[in-house]
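# Close look at the chain arrangement
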Number of protein chains: 2
Amino acid sequence: MSMLLRNIQHPRAVLHRHMSVVASVLRYGEFGDPAKVLQVQQETVPDPSNGEVLVKTLGAPINPADINTIQGKYPVKPKFPAVGGNECVSEVVAVGSQVGGLKVGDRVVPFASGLGTWRSYALYKESNLMRVPGSIGIAEAATITVNPCTAYRMLKDFVSLKAGDTVIQNGANSACGQAVIQLCRAWGVDCVGIVRDRPEFSKLRDHLKDMGAAEILTEEELRTTKIFKDGLFKKPKLALNCVGGKNALEVSRHLDNHGIMVTYGGMSREPVSVPTASLIFKDLQFSGFWMTRWSEINAQSPKRAEMFTELFQLIEKGALKAPAHEMIAFTDYKLGVTNALSIQGFVGKKYIFTF
Amino acid sequence: MSMLLRNIQHPRAVLHRHMSVVASVLRYGEFGDPAKVLQVQQETVPDPSNGEVLVKTLGAPINPADINTIQGKYPVKPKFPAVGGNECVSEVVAVGSQVGGLKVGDRVVPFASGLGTWRSYALYKESNLMRVPGSIGIAEAATITVNPCTAYRMLKDFVSLKAGDTVIQNGANSACGQAVIQLCRAWGVDCVGIVRDRPEFSKLRDHLKDMGAAEILTEEELRTTKIFKDGLFKKPKLALNCVGGKNALEVSRHLDNHGIMVTYGGMSREPVSVPTASLIFKDLQFSGFWMTRWSEINAQSPKRAEMFTELFQLIEKGALKAPAHEMIAFTDYKLGVTNALSIQGFVGKKYIFTF
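Structure report, in brief. Everything numeric in this text was worked out from a predicted model, so none of it was measured.

The next subject is the relation of the copies chain A and chain B. Turning chain A through 180° and shifting it by 0.0 Å along the axis lays it on chain B, with an RMSD of 0.0 Å. This pairing of chains is accounted for by a two-fold axis. An overlap of 100% is found between the interface residues of chain A and their copies at the interface of chain B, pointing to a shared contact surface.

A separate point is the nonpolar core. A:Val53, A:Val55, A:Val180, B:Val53, B:Val55 and B:Val180 are the most contacted members of the largest nonpolar core, which has 188 residues in total. With residues up to four places along the chain from it excluded, the contact list for B:Val55 reads B:Ser90, B:Glu91, B:Val92, B:Val93, B:Val108, B:Tyr121, B:Ala122 and B:Tyr124.

Residues and elements named next belong to chain A. Running from amino to carboxyl end, helix α5 (residues 147-157) crosses helix α6 (residues 175-187) at an angle of 55°, the nearest separation of the two axes being 8 Å. Taken together, the axes of α5 and α6 lie oblique to each other. For the pair α5 and α6, the crossing hand works out as right-handed. Residues Asn 147, Pro 148, Thr 150, Ala 151, Tyr 152 and Leu 155 of α5 form the contact with α6, whose own contacting residues are Ala 175, Cys 176, Ala 179, Val 180 and Leu 183. Looking at side-chain class alone, the contact of α5 with α6 contains nine nonpolar, two polar and no charged residues.

Below, the discussion takes up the sheet that holds strand β4 (residues 82-83) of chain A. The strands that make up a sheet pair up through hydrogen bonds in the backbone, lying either parallel or antiparallel. All names here are of chain A. Strand order in the open sheet formed by three strands is β2-β1-β4, and the pairing between neighbours is antiparallel. For this open sheet the edge positions go to β2 (39-45) and β4, each flanked by a neighbour on one side alone. One ladder, built from seven bridges, connects strand β1 (residues 21-28) with β2; its direction is antiparallel. In the strand pairing of β2, Ser 24 is matched with Gln 42.

In this section: helix α9 (residues 245-253) of chain A. Residues of α9(A) that are buried include every one of A:Asn247, A:Ala248, A:Val251 and A:Ser252, and no others. Summarising the axial view, the buried residues of α9(A) lie within an arc of 135°, below the 170-degree limit, and thus occupy one face.

It is worth spelling out the pairing of strand β9 (residues 166-170) of chain B at this point. Residue and element names in this part refer to chain B. With five of five residues buried, β9 lies mostly within the body of the structure. Judged by which residues are buried, β9 turns out to be covered on both faces: Thr 166, Ile 168 and Asn 170 on one side and Val 167 and Gln 169 on the other are all buried. Examined bridge by bridge, β9 and strand β10 (residues 190-195) share five bridges and lie parallel to one another. Of the residues in β10, the one forming a bridge with Gln 169 is Gly 193. Traced from β9 through helix α6 (residues 175-187) to β10, the parallel crossover comes out right-handed. By the bridge criterion, three bridges tie β9 to strand β12 (residues 238-241) in an arrangement that is parallel. From the neighbouring strand, Ile 168 faces β12, where its bridge partner is Ala 239.

Parameters and conventions
- Residues numbered from 1 in each chain as written.
- Chains lettered and ligands numbered in written order.
- Predicted model: local features only at pLDDT ≥ 70, side-chain atom pairs only at ≥ 80, totals over all residues.
- Least-squares fit on C-alpha atoms with pLDDT ≥ 70 in both.
- Contact = placed C-beta atoms within 7 Å.
- Core = buried A, V, L, I, M, F, W, Y, C linked by C-beta atoms within 7 Å.
- Buried ≥ 20, exposed ≤ 12 C-beta atoms within 10 Å, placed from the backbone.
- Axes fitted to C-alpha atoms, helices over the stretch in contact; angles between N-to-C directions.
- Helix = DSSP H or I, 4+ residues; strand = E, 2+ residues; numbered from the N terminus.
- Parallel < 35°, antiparallel > 145°, perpendicular 65-115°, else oblique.
- Left-handed = near helix turned anticlockwise from the far one by under 90°.
- Nonpolar A, V, L, I, M, F, W, Y, C, P; charged D, E, K, R; others polar.
- Pairing = 2+ DSSP bridges.
- Arc of directions from axis to C-beta.
- Right-handed = clockwise from strand over helix to strand, strands pointing away.

Dropping the structure here:
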């Protein structure tokens, strides 16, 4: 570290000023079982150069898409050797020249995907980082760019929702589903959630209703429910689907005329089946949503800044909480990547690496 | 007929002036097999009153939706007793007071659906009629409001097509498919059509290519074709589907990223199956189109007048011809309604009643 450092009056900056930073990095050089192909490597991180920022990672979650990417099952294929992970929250420990908007001590999250966040220290371009208010907890900040943003965009960009409207979603206990429930509550929208039946269903239902869901039904209950026919809730304008197959078909049957089903996942591994008559006579529309593409297209859009401002405000006032999660030491990565896709808990639990 | 008649200088108007008009009407009083529930009835048609127009029907086609309506399988349920048919071309034989835009001798088509067109004479509100240039043939005029309009709107309203773009459609030999082929040719768009394999496939392919299709493939050929991969045609932005099932799935696989499949029929009686990955990572969209709804919503829209102006111009210069058809006497209605859904000819053949 050198004369490139600014803010040298900051004690942390002074601390790092003449130290080499050695990072632990979780890398893989081929597709495969993450527990086998990932390896912890140590590497010296150079000083930040023009426009670069050196950060210390505070928390980095394991998302299902991260696992799929390492397995080679995701449409985004990294160049090898690659570093796992797409989300994190970090603290700035040094900035290079021509870095104008960040200073040592700031908390940041990376904007771009595919940067490789499973590492204790990293050099990022300032343009790929966004400052996060210090009032945002580590778990909330580390998981903000994928699920809350996906939920936000799906609720904003397909139909115009007003307070009192209804949204129906399956996978309501997923990390994204929990964000949908909380955003709906914040905006006065009735969110009806569908989950698979399970021994402790009533406990899960109560938990998700406490979180803000207007109603939680099992797939079985959905088939015969009269909550829409009886006028307890308006017929949904919007359905969010991360399951597919029969479940998605049943959900789509409850959509109002001109309603839209947005698919963002396919946990059942079955396609979405769309009755012809629904398309033609009910004028239903079936679309997909992928946050990665939205972020690429809207990297410079004011819509992005607006979204984060609103999400931060909701987090600050306690209206949007991180999904159920467990902090896990970076060295226990095998446990994390093995369990990340197969968690069968009360609600989905997200692992977040600490360093 | 009386002093309400205007244009009495017109010889036809004079002819009808003191005559009662007796119409033959094809009516049904219950849902069922059209050959059984339809009955020819005679009725005296009163003089046209304020804003009304008395017309003599020149041609009225039998569309599949007409048969489905009589069978009770269509979402639009008529009030009984009902008159069959939704399209026709007619000649004005008398106009009531306050009719400003039409005169005796004008050729007209009804705008609204559900008027019941299978009758030799009819009274319509002027606001439900549109004048057709005398240069438009009877078959073209009688069949313009359903299939050419459906083709036109599907090509205009879902993606922005430029010359050199590609549209893919199944059921390419249907009446609507033939309109799609001709409109694409007129606009410089490459139309790739899919048809079921059949003994005289090569003859059908040549016929549809002569009509303007860029390429015609069987369902089998579609599975292995490289015309898009090899760059012979651009990947389609738009797919038009009137079949559903596996056929629609295969068609959708060829769509370009962000492409849209518009469903307007379901001849296979199988739903449209949508792979989750196509929705999310290719950003495909699946929508439906129903001309009846469009016409209701856009009854007063300038888009409607623009559409008919362009369609009439294309017909006048020979760029848009009626689908293969056979004129059939009104009295042979049992033959017509029995064969309308089961025609297995070289290309679909439409029956048009004459009176």
